[in-house]
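Okay, here's what each chain looks like letter by letter:
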Amino acid sequence: MHGQHKGVKLVGTLNFETGKICCIEEEKFDAAAFLTFLTVALEHYPVGKIVII
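Rules and cut-offs
Residues numbered from 1 in each chain as written. Predicted model: local features only at pLDDT ≥ 70, side-chain atom pairs only at ≥ 80, totals over all residues. Heavy atoms only, no water. Helix = DSSP H or I, 4+ residues; strand = E, 2+ residues; numbered from the N terminus. Rg over C-alpha atoms; globule rule 2.2 N^0.38 Å. Contact = heavy atoms within 4.5 Å. Areas by Shrake-Rupley, 256 points an atom, 1.4 Å probe, with all protein chains shown as cover. Core = buried A, V, L, I, M, F, W, Y, C linked by side-chain atoms within 4.5 Å. Buried < 20%, exposed > 50% of the residue type's maximum accessible area, 1.4 Å probe, protein only. Phe/Tyr/Trp six-rings, centres within 6.5 Å; stacked < 30°, edge-to-face > 60°.

Chemist: What is the right way to look at the overall build of the protein chain in this model?
Modeler: Helices and strands together make up the secondary structure of the protein chain, namely one helix and two strands. Reading the helices (α) and strands (β) of the protein chain from amino to carboxyl end gives β-β-α. In terms of overall dimensions, the protein chain is more spread out than a globule: its C-alpha atoms have a radius of gyration of 14 Å, far above the 10 Å expected for 53 residues. Across the protein chain, every contact between residues at least 6 apart in sequence was considered, and the portion connecting residues at least 24 apart equals 18%. On the protein chain, roughly 4,900 Å² of surface is accessible, and the fraction owed to carbon and sulfur atoms is 60%.

Right under this line is the structure:
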């Protein structure tokens, strides 16, 4: 449609030591999307510290 802008929200992590990126793509950024992101992040980084900024 004319005048509408579709977008996608990207949420991710960057491992500064390895350069690996872990990213999810969502249509909207809400609590459910953030919970999904945290679940994926914990799968990639099961031990250690995760700093969210």
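Chemist: Just to check I follow, could you spell out the nonpolar core for this structure?
Modeler: In summary, soluble globular proteins display a tendency toward joint burial of nonpolar side chains. The biggest cluster of nonpolar side chains holds seven residues, and these are Val11, Cys22, Ile24, Phe37, Val40, Ala41 and Tyr45. Looking at this core, the elements with two or more residues in it are strand S2 (21–26) and helix H1 (31–44). The element that contributes the greatest number of residues to this core is H1, accounting for three residues. Apart from residues no more than four positions distant in its own chain, Ala41 is found in contact with Thr13 and Ile50.

Chemist: Is there a simple way to explain the packing of aromatic side chains in this structure?
Modeler: Geometrically, a pair of aromatic rings is defined through the distance of the ring centres and the angle of the planes. This model, assessed by the stated rule, comprises two aromatic pairs. Ring geometry for Phe29 against Phe34: centres 6.2 Å apart, planes inclined by 80°, an arrangement best described as edge-to-face. Relative accessible area serves as the criterion here: at 48%, Phe29 is assigned to the partly exposed category. The class of Phe34 is partly exposed, set by a relative accessible area of 31%. The interplanar angle of 35° and the centroid separation of 5.9 Å between the aromatic rings of Phe34 and Phe37 together place this pair among those described as tilted. Here Phe34 pairs with Phe37, and both are found in helix H1, just three residues apart, close to one helical turn. Each residue in the set Phe29, Phe34 and Phe37 is aromatic and connected to the rest through ring pairs, giving one cluster.

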